[in-house]
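Fold and contact review
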Amino acid sequence: MPGNRAVTRSTLRQQIADALRDEVLAGRLQPGQEFTVKEIAEQYGVSATPVREALVDLSAQGLLDAVQHRGFEVRAYSLDDYRDMIDARSLVTDEIFHRLIDGAGKTAADDARHTATLTVVRRRGEEAQRAASAGDLNILIGYDLRFWRELSALHGNPYLADFLHRLRVQSWVCVVQHLRGVTELKGRLWAGHTELVDALARRDHVAAHAVVTAYNRHSLALLERQAAG
C-alpha cells in the first residue's frame, strides 16, 4: 500500500493521482498489485470521490487497470511495450528537435531566447546526469521527467509536450518494474542529457538524433540483460 503522505483538501484529485504515480514510479506499488477506492481513501483520510477520480485519471494515463468488481491494479509492462514506447517517443522527439532547430536564430532575439532557455534545460540535465552516474534511480526519474518536460515545452505545443510526458512516465514505470531488485545501478544508467542539449544548441539535428538513439539502445539493452538474468 502507498505511504502515509499527507494530502490537503485542495485539488485532492490531482494530489492523490500524483502521490500514487510517485508510488508506482518508486516501485512501491508493484505490477499486478490490487487496491480499492475504499482502501486508498482510508489511507489518505479523504472521501471516496476524489480517490475514484484520481484512479480513473491514472487508468487513462496507462498506469492502472480497472479490475471488474475488485478495484484497480498496477499495469504490468513488458519489454515489447517498452520497444513500442521507444518508437513513439522517437517520433515525438524528432519533431521537437526539428522545431527547436528550425525555429531558432531567425532573429537575434530568437537566437538569444533559444540559448537562454537551453541553458536552463542544461542545468536540469546536469542534475539528472549526477543522479544517473550515482545510480540513484528515484532521483534520476524526477530530474529526467523535468528535463524532458522543459525541453519539450520549448516546442510551443502543449499537447505534444503532454503526450511526451505521458510516454516518459510510462517508460519509467516499465523500467522500474524490470529493474526492481537490482541493488547496484551506479554507472549503468544513461547520462547523456547535457550532450543532447549541446547538440541542440549547435542546431545539429543529426547529432541530437544520434544521442537519443544511443539512449534508447542503452536503456533497452539494460532491461533485456536484466530480463535474461
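Just above sits the structure.
Summarised in this report is the structure supplied together with it. (Residues numbered from 1 in each chain as written. Predicted model: local features only at pLDDT ≥ 70, side-chain atom pairs only at ≥ 80, totals over all residues. Heavy atoms only, no water.)

**Concerning helix H9 (residues 205-227)**
With 23 residues, H9 should reach 33 Å at 1.5 Å per residue; the first-to-last C-alpha distance of 33 Å fits that figure. Looking at H9, one finds that the buried residues are His-205, Ala-207, Ala-208, Val-211, Val-212, Tyr-215, Asn-216, Ser-219, Leu-220, Leu-222 and Leu-223. Structurally, the start of H9 carries an N-cap: the backbone nitrogen of Val-206 is 3.3 Å from a side-chain oxygen of Asp-204. (Helix = DSSP H or I, 4+ residues; strand = E, 2+ residues; numbered from the N terminus. Expected span 1.5 Å × (residues − 1). Buried < 20%, exposed > 50% of the residue type's maximum accessible area, 1.4 Å probe, protein only. Polar contact = N/O pair within 3.5 Å; in protein donor to acceptor, adjacent residues only side chain to side chain.)

**Considerations on the sheet that holds strand E2 (residues 64-67)**
Reading across from one edge, E1-E3-E2 is the order of the three strands in this open sheet, with antiparallel pairing throughout. Each edge of the open sheet is held by one strand with a lone partner, namely strand E1 (34-35) and E2. (Pairing = 2+ DSSP bridges.)

**Re the nonpolar core**
Ranked by internal contacts, the top residues of the largest apolar core, which has 68 residues, are Phe-97, Leu-151, Trp-172, Leu-196 and Leu-200. Excluding its chain neighbours within four sequence positions, the residues that come into contact with Leu-151 are Ile-96, Phe-97, Leu-100, Leu-118, Val-121, Leu-196 and Leu-200. (Core = buried A, V, L, I, M, F, W, Y, C linked by side-chain atoms within 4.5 Å. Contact = heavy atoms within 4.5 Å.)

**A closer look at the packing of helix H6 (residues 137-153) against helix H7 (residues 158-179)**
Remark: H6 packs on H7, axes separated minimally by 9 Å, with the N-to-C direction vectors making an angle of 160°. If you check the angle between H6 and H7, you find them roughly antiparallel. In the crossing of H6 with H7, the sense of the turn from one axis to the other is right-handed. Counted together, Leu-137, Leu-140, Ile-141, Asp-144, Leu-145, Trp-148, Arg-149, Ser-152 and Ala-153 of H6 and Ala-161, Asp-162, Leu-164, His-165, Arg-168, Val-169, Trp-172 and Val-176 of H7 form the full contact between these two elements. Considered class by class, the residues forming the contact of H6 with H7 number 11 nonpolar, two polar and four charged. (Axes fitted to C-alpha atoms, helices over the stretch in contact; angles between N-to-C directions. Parallel < 35°, antiparallel > 145°, perpendicular 65-115°, else oblique. Left-handed = near helix turned anticlockwise from the far one by under 90°. Nonpolar A, V, L, I, M, F, W, Y, C, P; charged D, E, K, R; others polar.)

**Focus: the environment of Val-197**
Residue position: Val-197 is located in helix H8 (residues 193-201). Residues Val-197 and Arg-83, spaced 114 residues apart in sequence, show a C-alpha to C-alpha distance of 24 Å.

**Considering the side chain of His-193**
Tracing the sequence through the fold places His-193 in helix H8. A relative accessible area of 1% places His-193 in the buried class. If near-sequence neighbours (up to four positions away) are discounted, His-193 is found in contact with Gly-125, Ala-128, Gln-129, Leu-140, Asp-144 and Phe-147.

**Focus on the pairing of strand E3 (residues 71-74)**
Summarising the sheet, E1 and E3 pair through two bridges and their orientation is antiparallel. Paired with Phe-35 across the strands is Phe-72, a residue of E3. Pairing analysis gives four bridges linking E2 to E3, with the strands arranged antiparallel. Bridged to Ala-66 within E3 is Phe-72. Where E2 hands over to E3, the hairpin turn is made up of three residues, of which His-69 adopts a positive phi near 70°.

**Notes on the layout of surface pockets**
For the largest pocket, the calculated volume is near 240 Å³. Lining the largest pocket are 12 residues; nearest its centre among them are Asp-22, Leu-25, Ile-141, Gly-142 and Leu-145. If you list the elements that add at least two residues to the lining of the largest pocket, you get helix H1 (12-25) and H6. The leading source of residues in the lining of the largest pocket is H6, at five residues. (1 Å grid on protein atoms, 1.4 Å probe; cavity = no way out; pocket = protein on both sides within 12 Å on 5 of 7 lines; lining within 4 Å. Points joined across faces, edges and corners; volume = space filled by probe spheres on them.)

**A short note on unusual backbone geometry**
It is generally the case that most residues other than glycine have a negative phi and that most peptide bonds are trans. Here the phi dihedral of His-69 falls at roughly 70°; this positive angle occurs in a residue that is not glycine. With respect to the helices and strands, the residue His-69 is situated in the loop between E2 and E3. According to the relative accessible area criterion, His-69 is exposed, its value standing at 78%. Positive phi, close to 60°, is recorded for Arg-203, a residue that is not glycine. Turning to its location among the elements, Arg-203 is positioned in the loop between H8 and H9.

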